[in-house]
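# A closer look at the structure
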Amino acid sequence: MNKKYDLFGILLSLVVGVATLTAMLLRAFWPQFILPRPDGMTVITLIVIALIINSYFGKDRKRVYWAVPIYSALVFGLFSWVSCLLPYLEAIKLGILGAAVSIIVTLLFDSMLKRISTGRATKIAPIIGGFGIYLAAQCLTAII
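Residues numbered from 1 in each chain as written. Predicted model: local features only at pLDDT ≥ 70, side-chain atom pairs only at ≥ 80, totals over all residues. Heavy atoms only, no water.

### Quick word on the overall build of the protein chain
Helix and strand counts for the protein chain come out as five helices and zero strands. Ordered by position from the N terminus, the helices and strands of the protein chain form the series α-α-α-α-α. Taken over C-alpha atoms, the radius of gyration comes to 16 Å for the protein chain, in line with the 15 Å a tight globule of 144 residues would show. Expressed as lengths along the three principal axes of its C-alpha atoms, the size of the protein chain is roughly 50 × 40 × 30 Å. Buried residues in the protein chain amount to 35% of all 144 residues. Partitioning the contacts of the protein chain with sequence separation of at least 6, the portion at a separation of at least 24 is 79%. When the accessible area of the protein chain is evaluated, it comes to approximately 9300 Å², of which 73% is carbon and sulfur surface. Each charge class in the protein chain was averaged separately, 13 positive and 5 negative side chains, and the resulting centres sit 7 Å apart. (Helix = DSSP H or I, 4+ residues; strand = E, 2+ residues; numbered from the N terminus. Rg over C-alpha atoms; globule rule 2.2 N^0.38 Å. Buried < 20%, exposed > 50% of the residue type's maximum accessible area, 1.4 Å probe, protein only. Contact = heavy atoms within 4.5 Å. Areas by Shrake-Rupley, 256 points an atom, 1.4 Å probe, with all protein chains shown as cover. Lys, Arg positive; Asp, Glu negative; His and termini not counted. Charge placed at Lys NZ, Arg CZ, Asp CG, Glu CD.)

### Considerations on the nonpolar core
The biggest cluster of nonpolar side chains holds 27 residues, and the ones touching the most others in it are Phe8, Leu12, Ile47, Phe76 and Val105. Sorting the residues of this core by element identifies helix H1 (8-29), helix H2 (40-57), helix H3 (67-82), helix H4 (88-116) and helix H5 (125-143) as the ones contributing at least two each. Top contributing element to this core by residue count: H2, with nine residues. Setting aside residues no more than four positions away along its own chain, Leu12 makes contact with Leu46, Ile47, Ala50, Ser72, Val75 and Phe76. (Core = buried A, V, L, I, M, F, W, Y, C linked by side-chain atoms within 4.5 Å.)

### Examining the pattern of salt bridges
Across all of its chains, the model carries three salt bridges by this definition. Between Glu90 and Arg37 there is a salt bridge, and its shortest N-O distance comes to 3.8 Å. Of this pair, Glu90 sits in helix H4 while Arg37 sits in the loop between H1 and H2, and the two are 53 residues apart along the sequence. Using a relative accessible area of 52% as the deciding quantity, one classes Arg37 as exposed. (Salt bridge = Lys/Arg side-chain N within 4 Å of Asp/Glu carboxyl O.)

### Some words on the packing of aromatic side chains
The tally for this structure, following the rule as stated, stands at one aromatic pair. A ring pair is formed by Trp30 and Phe33, whose centres lie 4.9 Å apart and whose planes are at 20 degrees; its orientation type is stacked. Judged by its relative accessible area of 41%, Trp30 falls in the partly exposed class. Phe33 gets classed as partly exposed once you look at its relative accessible area, which sits at 35%. (Phe/Tyr/Trp six-rings, centres within 6.5 Å; stacked < 30°, edge-to-face > 60°.)

### Some details on H3
Its 16 residues place the ends of H3 22 Å apart at the C-alpha level, agreeing with the 22 Å of an ideal helix rising 1.5 Å per residue. All of the buried residues along H3 are Val68, Ser72, Val75, Phe76, Gly77 and Ser80. For H3, the elements touching its buried residues are H1, H2 and H4. (Expected span 1.5 Å × (residues − 1).)

### So, the packing of H4 against H5
Between H4 and H5, the least distance of the axes is 9 Å, while the angle of their chain directions is 135 degrees. By the angle between their axes, H4 is oblique relative to H5. Note that H4 runs across H5; the crossing there is right-handed. Judged by residue contacts, Val105, Leu108, Phe109, Met112, Leu113 and Ile116 of H4 engage Ala125, Pro126, Ile128, Gly129, Gly130 and Ile133 from H5. (Axes fitted to C-alpha atoms, helices over the stretch in contact; angles between N-to-C directions. Parallel < 35°, antiparallel > 145°, perpendicular 65-115°, else oblique. Left-handed = near helix turned anticlockwise from the far one by under 90°.)

### Examining the packing of H3 against H4
Where H3 contacts H4, the axes come no closer than 7 Å and their chain directions differ by 145 degrees. Handedness of the H3/H4 crossing: right-handed. Contacts from Val68, Pro69, Ser72, Ala73, Phe76, Gly77, Ser80 and Trp81 of H3 reach H4 at Tyr88, Ala91, Leu94, Gly95, Gly98, Ala99, Ser102, Ile103 and Thr106. Split by residue class, the contact of H3 with H4 holds 10 nonpolar, seven polar and no charged. (Nonpolar A, V, L, I, M, F, W, Y, C, P; charged D, E, K, R; others polar.)

### So, the environment of Gln138
As for its position among the elements, Gln138 is in helix H5. For Gln138, a relative accessible area of 32% translates into the label partly exposed. In the structure, Gln138 is positioned 132 residues away from Asp6 in sequence and 27 Å away in space, judged by C-alpha atoms. Here the side chain of Gln138 touches Tyr134 through a polar contact of 2.8 Å, side chain to side chain. (Polar contact = N/O pair within 3.5 Å; in protein donor to acceptor, adjacent residues only side chain to side chain.)

This is how it looks when you write it as structure tokens:
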């Protein structure tokens, strides 16, 4: 039996790795550039980008929902600590935030994608869903 599992973990580590590598290169070669601190909106943005890429490359794959927060905590915590963006206690907090946010955003994105992707809108539905979640997160951040 050939089971096809989700590519979300690999794509999330790829997206977060590219973002941290970019931050490290900007810090090294352009030190006057002010980088934003990694916070909730940064985490949500990177998760939504990984989900959109996953929806195009990982069609008909089974998502393992219990592994999403574990993998996200490891990715956000370790990448931010290893790349020296945050000290280790802040990296642990970012990892916990990444785990909590990733499972919520993943469940919202999947339920939104099931409802939107009908007919001709199937190809653009992941982008619309991701943009909707990003705007909702912006509004929630503005309220808090």
